[in-house]
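As a plain string of letters, each chain reads:
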Amino acid sequence: MADARKIPAPIVNVETQAFWNAARERRFVVPTCAACGKPHWYPRAICPFCGSDKIEWRAASGRGRIYSYSVMRRAKEPYAIAYVTLAEGPAMLTNIVDCDFDALKVGQDVRVVFQDTEDGPPVPMFRPA
Ligand SMILES: [Zn+2]
């Protein structure tokens, strides 16, 4: 299914540089604390659970589940925005693509898919698994 919606380039900063470097290779990584072992999202330089700065980028499964979603039907190209709970634990604000918006359900299994942006690295979105 074609997604004609243009996706603006993400904002890349020091805390997210490693994420976008991996995204350019279509690798989905999640910041994980080497001190307490917990993954978190969004990317931060300091672990939100224990305060350690020992953050590693670990390969994530790319699997998740829709926690909540909303379909923006009034947009020129309608799109679905959603919180997806990753299999690794953290929840991510993202888009659901390549799907029938009317068939989306809370609790539905989804899988990451990288979507090209206008002039930046591809961004991770999700499609039904
Ligand atoms: Zn920690």
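Note: the structure precedes this text.
All figures in this text were calculated on a predicted structure; none of them were measured in a lab. Numbering of residues starts from 1 in every chain and runs along the sequence as written. Local features are withheld for residues below a pLDDT of 70 in this predicted model, meaning they are given only at 70 or higher, and side-chain atom pairs are given and counted only at 80 or more; totals for whole chains, interfaces and linings count all residues. Side-chain calculation: all heavy atoms of the structure are included, whereas hydrogens and water are not.

### Brief notes about unusual backbone geometry
So, step 1. Residue Tyr42 follows Trp41 across a cis peptide bond; omega there is 10°.
So, step 2. Helix and strand assignments follow DSSP, with helices taken as H or I runs no shorter than four residues and strands as E runs no shorter than two, numbered in order from the N terminus. Residue position: Tyr42 is located in the loop between β1 (29-33) and β2 (55-59).
So, step 3. The phi torsion at Arg26 lies on the positive side, around 60°, for a residue other than glycine.
So, step 4. Structurally, the position occupied by Arg26 is in the loop between α1 (17-24) and β1.

### So, the pattern of salt bridges
So, step 1. Here, a salt bridge means any Lys or Arg side-chain nitrogen found within 4 Å of an Asp or Glu carboxyl oxygen. Under the criterion given, the structure shown has seven salt bridges.
So, step 2. One salt bridge in this structure joins Asp53 and Lys54, with 3.7 Å as the shortest N-O distance.
So, step 3. According to the relative accessible area criterion, Asp53 is exposed, its value standing at 51%.
So, step 4. Given a relative accessible area of 52%, Lys54 falls into the exposed group.
So, step 5. One salt bridge connects Asp98 with Arg127, and the closest N-O pair in it is separated by 3.5 Å. Residue Asp98 is found in the loop between β5 (91-96) and β6 (109-115), and its partner Arg127 is found in strand β7 (residues 123-128); the two are separated by 29 residues along the sequence.
So, step 6. The classification of residues rests on relative accessible area computed with a 1.4 Å probe and restricted to protein chains. Under 20% of the type maximum is buried, over 50% is exposed, and intermediate values are partly exposed. With a relative accessible area of 25%, Asp98 lands in the partly exposed category.
So, step 7. On the basis of relative accessible area, Arg127 is assigned to the partly exposed category, the value being 35%.

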